[in-house]
Amino acid sequence: MAPRRPKGHLPGKSDILGGLTLAAITIPEQIATARLGGFPPQLGLYAFVGATLGFALLGRSRVMTVGADSTITPIFAVALAGLAATHGADPIAAAALLAVLVGLVLLLAGVLRLGYVANLLSVPVVTGFLAGIAVHIVGSQLPALMGVAAQGDTLPQQLLALVRVMPQANPWTMAVGLSVLAAMVLTERMAPRLPGALIGLGLAMLATWVFGLDRMGVTTLGPVAPVPWKPLAAPSLELLPHLVPLALLVALVVMMQTAAVDRGFPGGAEDINADFRGLGAGNLASAALGAFPVNASPPRTAAAVAAGITSQMGALTAAGVVAVLALTGGGLMAAIPHAALAGVLLFVVGRIFRIGALARIARRAPTEGLLAILTLLAVVVLPIQAGIATGIGLALLHGVWSATHSSVQELTRIPGTTIWWPAATGEREPGVLVAAFQAPLLFSNAENFRAQLLALIAARGPLHLLVLEASAIADVDYTAAEVLGQVIADCHGKGIHVSIARLESLRAARSLTRHGILDLIQTDARTHSVEEAIRYLDQRGGLRPMPGRA
């Protein structure tokens, strides 16, 4: 099936030339990401080819590029290594099965139109999460950059081991890795259209061959034989309890990043659920080629846009070039220094560890800044899956806390107008309380709403009218409707009329109708403004029979 394009759009020379540029950018990155996960370098190339073909089949974005991704690879690589140690699982086979599970979750999310799930993680939590992943990448790549061995079960242990062996660092190895990093940084700043990673790798390979750096301790990938294709095996029942939760976690991160790419670049899909289905197909295709889970890539998509790509034909062109290299370029890849790949990944770290964003969040919203820092620390200190789960939990708790602590505010009339505003210095109507709630009415804040509203009623003294200004109430759930009904009944028992003004949300209005709240206050007591509610009562001499009263 051909990639979907806007009506009238035909791929041209710019897409093909852009695809060649994209391939030059993609090759070193995919090899480095495969190495980050402990996989053979060819699997990174296979992952890109499979992901691109699958996404072109079902995805809608014209510019999104997909493939092996350094954001999700540390998440599942650590878990799969643990399964290999404790259950004797083959990491490559387990990774392919994980890609199948991730693909199925994403396909289901697309079919059920769960695009809103990508919004569950706030920007501060995502920023902290990415920063934590960046620290993991640094910890895993510094030994390769320095030419030393430093192992540990956790990231803190790895960093401590690295400090101990630091005097043994190979200066030639460090020079190779830092040179590649410098080449990428300079290329990005001076000529962003050039494939800085490929240029850096090429120079590193040339220097290794010309100066015989392998004799000075600079290690290379060595002979790279094609990875034999193996058909997917039926999942082991022993592994499924470990792989299913991991697949859900990886799929959530993929959904989050896919949404970021769709919203961040022109040519993104209008329906994000279609791109979830595209990533689902991409993961299944990656698994079919024996590779691992894949994701949307913001940096590579940015490079595709800069290269002039306007349709998925550009990514398909890149996939064709990468496929040829994967099948025939084993000898060429053998000369790539490990330190050079570490340099590529350290450049990626600079893209995802956004210190400026962390500082901006902390400066503008200290509570959410603390949330970002706590997420970062959780991802770094705890096992990586537990750290990410902690960050997600913190985000949800913060959302619940914000809803729970929404306040009921008394409104007063701005002198000389009919505008009611939350200001203590305005005018009040005798015997009238105008109160507004600043959030949807839900089970999580219903009791808080009741307590604050009753406290306001008690503080104002004798009342004959309560006006609930409901413009900010977007929804009312069952528990909150029950509580609101009890408050209205309590007011009626005290001889206080109740009116609901500016109920603008159709969803909230339907909910209040279903629960009988509008009948309880008498339907004509729902008004378009606070002033209308007050006039309505005045026209009836300030008195009107209430349900159950003469």
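A. The arrangement of the confidence of the model for the protein chain in detail. Across the protein chain, the average pLDDT comes to 86, with 92% of residues at or above 70. When the elements of the protein chain are averaged for pLDDT, helix H13 (residues 330-333) gives the smallest value, 75, and strand S1 (residues 66-67) the largest, 96. Contacts from residues 1-9, a stretch scored under 50 in pLDDT, to residues over four places away or in other chains number 17 contacts. The low-confidence segment residues 543-550, where pLDDT is below 50, has 17 contacts with residues more than four positions distant or belonging to other chains.

B. How the structure looks around the side chain of Asn-273. In this structure, Asn-273 sits in helix H10 (residues 272-288). Residue classification places Asn-273 among the buried residues on the basis of a relative accessible area of 6%. In terms of polar contacts, Asn-273 uses its side chain to reach the backbone amide nitrogen of Leu-114, at 3.1 Å. What Asn-273 contacts, discounting residues up to four positions off in sequence, is Ala-109, Gly-110, Arg-113, Leu-114 and Gly-115.

C. Just unusual backbone geometry, in detail. Notably, Arg-113 is not glycine yet its phi reads approximately 60 degrees, a positive angle. Tracing the chain through its elements places Arg-113 in the loop between helix H4 (91-111) and helix H5 (123-146). With a phi close to 60 degrees, Arg-502 is a non-glycine residue in the positive phi region. Position of Arg-502 among the secondary structure elements: in the loop between strand S8 (497-501) and helix H20 (506-514). Arg-502 gets classed as partly exposed once you look at its relative accessible area, which sits at 35%.

D. Representation of a positive patch on the surface. Residues Arg-354, Arg-360, Arg-363 and Arg-364 make up a contiguous surface patch of positive charge. Within the element layout of this structure, Arg-363 appears in helix H15 (residues 355-364). The exposure class assigned to Arg-363 is exposed, which follows from its relative accessible area of 58%.

E. Here's a closer look at the pattern of salt bridges. Under the defined criterion, the tally for this structure stands at 13 salt bridges. Across the salt bridge formed by Arg-351 and Glu-188, the nearest N and O atoms sit 2.5 Å from each other. Separated by 163 residues along the polypeptide, Arg-351 in helix H14 (residues 338-352) and Glu-188 in helix H7 (residues 171-190) bring together distant segments of the chain. Under the relative-accessibility criterion, Glu-188 is labelled partly exposed at 35%. The partner of Glu-427 in a salt bridge is Arg-413, with the nearest N and O atoms 3.4 Å apart. A residue pair is termed long-range when its members are at least 10 positions apart, and Glu-427 in the loop between strand S5 (420-421) and strand S6 (432-437) and Arg-413 in strand S4 (residues 412-413) qualify at 14 residues.

F. Representation of empty space enclosed by the protein. Applying the stated rule across the entire model yields 4 cavities of 30 Å³ or more. The space that makes up the second largest cavity amounts to roughly 60 Å³. Along the walls of the second largest cavity sit Leu-121, Val-125, Val-126, Phe-129, Val-253, Met-256, Thr-375, Val-379, Ile-388, Gly-391 and Ile-392, which together make up its complete lining. Mapped by element, the contributors of at least two residues to the lining of the second largest cavity are H5, helix H9 (240-264), helix H16 (366-381) and helix H17 (384-404). Here the residues of the lining of the second largest cavity are counted per class, giving 9 nonpolar, 2 polar and no charged.

Quick notes on the rules
Residues numbered from 1 in each chain as written. Predicted model: local features only at pLDDT ≥ 70, side-chain atom pairs only at ≥ 80, totals over all residues. Heavy atoms only, no water. pLDDT = per-residue confidence, 0-100. Helix = DSSP H or I, 4+ residues; strand = E, 2+ residues; numbered from the N terminus. Contact = heavy atoms within 4.5 Å. Buried < 20%, exposed > 50% of the residue type's maximum accessible area, 1.4 Å probe, protein only. Polar contact = N/O pair within 3.5 Å; in protein donor to acceptor, adjacent residues only side chain to side chain. Patch = residues over 30% accessible without salt bridge, like charges linked within 9 Å, V, L, I, M, F, W, Y side chains within 5 Å. Areas by Shrake-Rupley, 256 points an atom, 1.4 Å probe, with all protein chains shown as cover. Salt bridge = Lys/Arg side-chain N within 4 Å of Asp/Glu carboxyl O. Lys, Arg positive; Asp, Glu negative; His and termini not counted. Charge placed at Lys NZ, Arg CZ, Asp CG, Glu CD. 1 Å grid on protein atoms, 1.4 Å probe; cavity = no way out; pocket = protein on both sides within 12 Å on 5 of 7 lines; lining within 4 Å. Points joined across faces, edges and corners; volume = space filled by probe spheres on them. Nonpolar A, V, L, I, M, F, W, Y, C, P; charged D, E, K, R; others polar.

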